[in-house]
Amino acid sequence: QVQLVESGGGSVQAGGSLRLSCAASGSTFRSFGTYDMGWFRQAPGKERAVVASIPWSGGTTYYAESVTGRFIISRDNAKNTVYLQMNSLKPEDTAVYYCNALRYSDYSKPLFNSWGQGTQVTVSS
């Protein structure tokens, strides 16, 4: 069983910051600390795509070029939670943000077909 609950979204002006949280639960995530995790986003009319990833160990993180230098992904394995600190937000960051575990062989793809409800981020100019 996979349960993912994203929170922390909202409406901000360009240049602002938000911190997203994703709480993972369910039988599958009893071993949350063994999963590489990622944040995805989906803007209207666009496909869902990964923007940040973090390995199970919390080691080397990866970012989409569009968010590099502005977003920071982190995790707390004791709390089964992954975070996304978003700084210097731009209107093009407007999207629904989701988290999911990642396929070990391909970080661009989610490991599970189940998704949470996502959290809306709206950035105005």
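Higher on the page you've got the structure.
Residues numbered from 1 in each chain as written. Predicted model: local features only at pLDDT ≥ 70, side-chain atom pairs only at ≥ 80, totals over all residues. Heavy atoms only, no water.

Asker: So what about the overall build of the chain? Which residues, and what values?
Answerer: Across its full length, the chain carries 0 helices and 11 strands. Each helix (α) and strand (β) of the chain, taken in turn from the N terminus, gives the series β-β-β-β-β-β-β-β-β-β-β. Computed over its C-alpha atoms, the radius of gyration of the chain comes to 13 Å, within 12% of the 14 Å expected for a compact globule of 125 residues. Taken over the C-alpha atoms alone, the chain extends approximately 40 × 25 × 25 Å along its principal axes. For the chain, buried positions account for 41% of its 125 residues. In the chain, once contacts between residues fewer than 6 apart in sequence are set aside, the share between residues at least 24 apart is 58%. Carbon and sulfur atoms form 48% of the exposed surface of the chain, whose accessible area is close to 6,300 Å². In the chain, 11 positive and 8 negative side-chain charges are present, and the distance between their average locations comes to 4 Å. (Helix = DSSP H or I, 4+ residues; strand = E, 2+ residues; numbered from the N terminus. Rg over C-alpha atoms; globule rule 2.2 N^0.38 Å. Buried < 20%, exposed > 50% of the residue type's maximum accessible area, 1.4 Å probe, protein only. Contact = heavy atoms within 4.5 Å. Areas by Shrake-Rupley, 256 points an atom, 1.4 Å probe, with all protein chains shown as cover. Lys, Arg positive; Asp, Glu negative; His and termini not counted. Charge placed at Lys NZ, Arg CZ, Asp CG, Glu CD.)

Asker: Account for the packing of aromatic side chains, naming residues and giving values.
Answerer: Counted according to the given criterion, the structure contains 7 aromatic pairs. Geometrically, the ring pair formed by tyrosine 35 and phenylalanine 112 is edge-to-face, given 5.6 Å between the ring centres and 65° between the ring planes. You can see tyrosine 35 sitting in the loop between strand 3 (18–25) and strand 4 (37–42) and its partner phenylalanine 112 sitting in the loop between strand 10 (106–110) and strand 11 (119–124), a full 77 residues away along the chain. With respect to burial, tyrosine 35 and phenylalanine 112 carry one shared label: buried. (Phe/Tyr/Trp six-rings, centres within 6.5 Å; stacked < 30°, edge-to-face > 60°.)

Asker: Please set out the layout of surface pockets residue by residue, giving values where relevant.
Answerer: The space that makes up the largest pocket amounts to roughly 190 Å³. Considering the residues around the largest pocket, the lining is formed by 13 residues, among which Arg41, Ala43, Lys46, Glu92 and Ala95 are closest to the centre. Put simply, the parts of the chain that give the lining of the largest pocket at least two residues each are strand 4 and strand 5 (49–54). Considering every element that reaches the lining of the largest pocket, the biggest residue donor is strand 5, with 3 residues. Along the lines of polarity and charge, the residues of the lining of the largest pocket split into 6 nonpolar, 3 polar and 4 charged. (1 Å grid on protein atoms, 1.4 Å probe; cavity = no way out; pocket = protein on both sides within 12 Å on 5 of 7 lines; lining within 4 Å. Points joined across faces, edges and corners; volume = space filled by probe spheres on them. Nonpolar A, V, L, I, M, F, W, Y, C, P; charged D, E, K, R; others polar.)

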